[in-house]
Amino acid sequence: MSDVPAHPGGPVGCLAPVPGPDGIVLREHDLAGIPAPFSSSVFVLPPGTVTDPDVHDVVETWFVAAGEGQVEYDGAAHPVATGDCFHFAGRRPHRVRNTGTAELTVFSVWWSV
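Summarised in this report is the structure supplied together with it. Everything numeric here is computed off the predicted structure, so don't read it as measured data.

Once that is clear, we can look at the environment of Ala 76. Assignment of secondary structure puts Ala 76 in strand 6 (residues 76–81). Given a relative accessible area of 34%, Ala 76 falls into the partly exposed group. For Ala 76 and His 94, which are 18 residues apart along the polypeptide, the C-alpha to C-alpha distance reads 9.3 Å.

And the structure:
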């Protein structure tokens, strides 16, 4: 049994949207008060846009909720589409490009190891 108090459950809100370049929008989930060992967010890329390269100590997994694109990870390009999942080791550069004609929506979860 854990010593972490139980959370009653229910909807999880998002922090204020963070607009990025070219209309990319990041929305981190507000997990305050939830004993979660991870953080999460959703980001949406309009067609033709690309995120800035990202490098950090945490490990991360992306779930493609809608659309299609190309993940650039550790120097290689990988096509992704709705339903795909991609995992990133810490301290490895990564970003995603929307190569489709519709918005690319990605759900991200990250944690420290």
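As a further point, take the sheet that holds strand 1 (residues 18–19). Pairing is antiparallel in the open sheet, where six strands are placed in the order 1-2-3-9-4-7. Two strands lie at the open edges of the sheet, namely strand 1 and strand 7 (85–88), each paired on one side alone. Pairing geometry for strand 3 (residues 39–45) and strand 9 (residues 104–111), over seven bridges, is antiparallel. Following the sheet pairing, Ser 40 is matched in strand 9 by Val 109.

Tallied over the full model, the rule gives four salt bridges. Between Asp 57 and Arg 91 there is a salt bridge, with the nearest N and O atoms lying 3.1 Å from each other. Separated by 34 residues along the polypeptide, Asp 57 in the loop between strand 3 and strand 4 (59–66) and Arg 91 in the loop between strand 7 and strand 8 (94–98) bring together distant segments of the chain. Judged by its relative accessible area of 54%, Asp 57 is exposed.

With antiparallel pairing, three strands are arranged side by side in an open sheet as 6-5-8. A single partner strand is all that each edge strand has here, and the edge strands are strand 6 and strand 8. Mean inter-strand twist for the sheet, computed between neighbouring axes without regard to direction, equals 25°. Two elements, strand 5 (residues 68–73) and strand 8, share five bridges in a ladder whose sense is antiparallel. For Val 71, the partnering residue across the bridge sits in strand 8 and is Val 96.

This part takes up the side chain of Ser 41. Mapped onto the elements of the fold, Ser 41 is located in strand 3. For Ser 41, a relative accessible area of 3% puts it in the buried group. Here Ser 41 is in contact with Leu 26, Arg 27, Glu 28, His 29, Val 106, Phe 107, Ser 108 and Trp 110, once residues within four sequence places are set aside.

Right, let's talk about the state of the cysteines for a bit. Inspection of every chain in the model, using the stated rule, returns zero disulfides. You can see Cys 14 has no disulfide; the closest cysteine sulfur is in Cys 85, sitting 19 Å from it. Among the residues examined, Cys 85 registers a relative accessible area of 47% and is labelled partly exposed.

So, about the nonpolar core. Among the nonpolar cores identified, the biggest contains 13 residues, and Trp 62, Val 71 and Val 96 are the most heavily contacted of them. Mapped by element, the contributors of at least two residues to this core are strand 3, strand 4, strand 5, strand 7 and strand 9. Non-local contacts of Trp 62, meaning those with residues more than four positions away in its chain, are made with Phe 43, Val 71, Asp 84, Cys 85, Phe 86, Phe 88, His 94, Arg 95, Val 96, Val 106, Phe 107 and Ser 108.

What counts, and at which threshold
- Counting restarts for each chain, with residues numbered from 1 along the sequence as it is written.
- Per-residue local features are limited, in this predicted model, to residues with pLDDT of at least 70; the limit for side-chain atom pairs, both in listing and counting, is 80 or more; totals at the level of whole chains, interfaces and linings are taken over all residues.
- Side-chain metrics in this entry use all non-hydrogen atoms of the structure; hydrogen atoms and water are not considered.
- Helix and strand assignments follow DSSP, with helices taken as H or I runs no shorter than four residues and strands as E runs no shorter than two, numbered in order from the N terminus.
- The cut-offs for exposure are 20% and 50% of the maximum accessible area for each residue type, with area from a 1.4 Å probe on protein chains only; residues under the lower value are buried, those over the upper are exposed, and the others partly exposed.
- Two strands pair under a simple rule: DSSP has to find at least two bridges between them.
- The salt bridge criterion pairs a side-chain nitrogen of Lys or Arg with a carboxyl oxygen of Asp or Glu, the two atoms within 4 Å.
- To define axes, lines are fitted to C-alpha atoms, for helices over the stretch in contact only, and angles between the resulting N-to-C directions are given on a 0 to 180 degree scale.
- Should any heavy atoms of two residues lie within 4.5 Å, those residues are considered in contact.
- Cysteine sulfur atoms that pair up within 2.5 Å are treated as a disulfide.
- We call a set of buried residues a nonpolar core when its members are Ala, Val, Leu, Ile, Met, Phe, Trp, Tyr or Cys and they connect through side-chain atoms within 4.5 Å of each other.

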